[in-house]
Amino acid sequence: MARKAVIGNYDTASKGWTLCAYALDPPAWRENLVEVPGMDGALDLSPYPSGEVAYSPRTLSITLERSDGTRASREAAIDAMVNALDGKSLKITLPDGVDHYVWGRVRVARQYSNLAHAQVIVSATCDPYRYKAAPTTVTGTVPESGTLSLTLANERRPVVPAVEVSAAATITFGGKDIAVGAGTHRSLDIRLVAGSNTLAVTAAAGTTVSVTYQEASL
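Residues numbered from 1 in each chain as written. Predicted model: local features only at pLDDT ≥ 70, side-chain atom pairs only at ≥ 80, totals over all residues. Heavy atoms only, no water.

**Student:** Outline the sheet that holds strand β11 (residues 136-141), listing residues and values.
**Tutor:** What the four strands build is an open sheet, ordered β11-β18-β13-β16; its pairing is antiparallel. On the outer flanks of this sheet lie β11 and β16 (183-185), each paired with one strand and no other. Averaged over neighbouring strand pairs, the angle between their axes works out to 15° when direction is ignored. Strand direction decides the pairing type here: strand β13 (residues 162-165) and β16, joined by three bridges, are antiparallel. Looking across to β16, one finds that Val163 is bridged to His185. (Pairing = 2+ DSSP bridges. Helix = DSSP H or I, 4+ residues; strand = E, 2+ residues; numbered from the N terminus. Axes fitted to C-alpha atoms, helices over the stretch in contact; angles between N-to-C directions.)

Take a look at the structure:
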């Protein structure tokens, strides 16, 4: 299988481009040190106010080349790429780690187009996290005991899930009880952290529960 990038719906291999190189900047968290007069060192306020450090955007660069056809056909291919991608905020799947994608605003820059070949660099300013290719969904049915316990594994980024119940229920998370009616609910009191999280649902036996969330890692 050809190595490629998929940018939105634009598949670089099927469009005739050879992926020569790509680079995604490593994650960089934002440091916030406050010096206090008379105090040694500094106060590290980097994780405030959420308790988690914030990350800066990451820069992606993809180098594409082709030598097929004529110069005119290659020029037409570059023009088509510019019109399809430039300036748009898109999902980008890279050749390594296709189980995740990045999201960023795309810039297409022609490097050269001569009688023999052409090169284009596609760059993007991306969100700091790499998102799992598909949202995670964990389901279950409340048993005769009246309480269903679900284990929700989450990657690095904290996330607030959507919890769908088929009947009125009480959701317990982090020591807090949240009463809900039938339907889909999101609550800031239910915030999944990295690792394993436990959520309990108390309701009539047979009540179905579905928890959906978007995992992401650095």
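**Student:** I'd like to hear about the pairing of β13, residue by residue, with values.
**Tutor:** With four bridges connecting them, β13 and strand β18 (residues 208-213) associate as antiparallel partners. When the sheet's bridge partners are listed, Val163 is paired in β18 with Val211.

**Student:** Describe the sheet that holds strand β12 (residues 147-154), naming the residues involved and giving the relevant values.
**Tutor:** Strands sit in the order β12-β17-β14-β15 across an open sheet of four strands; the sheet is antiparallel. Lying at the two open borders of the sheet, with one neighbouring strand each, are β12 and β15 (176-180). Put simply, the sheet's adjacent strands are angled 25° from each other on average, direction ignored. Pairing geometry for strand β14 (residues 169-173) and strand β17 (residues 195-203), over four bridges, is antiparallel. Each bridged residue has a counterpart across the sheet, and for Thr170 the counterpart in β17 is Thr202.

**Student:** If you had to explain the nonpolar core to someone new, which residues and values would you point to?
**Tutor:** Counting 23 residues, the largest nonpolar core has Ile7, Ile62, Met81, Ile92, Val106 and Val122 as its most contacted members. Every element with two or more residues in this core is listed here: β6 (58-66), α1 (71-85), β7 (89-93), β8 (100-113) and β9 (118-126). The element best represented in this core is β9, accounting for five residues. Apart from residues no more than four positions distant in its own chain, Ile7 is found in contact with Thr12, Ile62, Leu85, Leu90, Lys91, Ile92, Val106 and Val122. The next biggest cluster of nonpolar side chains, apart from the first, holds 21 residues, and it includes Val142, Leu150, Ile190 and Ala203. (Core = buried A, V, L, I, M, F, W, Y, C linked by side-chain atoms within 4.5 Å. Buried < 20%, exposed > 50% of the residue type's maximum accessible area, 1.4 Å probe, protein only. Contact = heavy atoms within 4.5 Å.)

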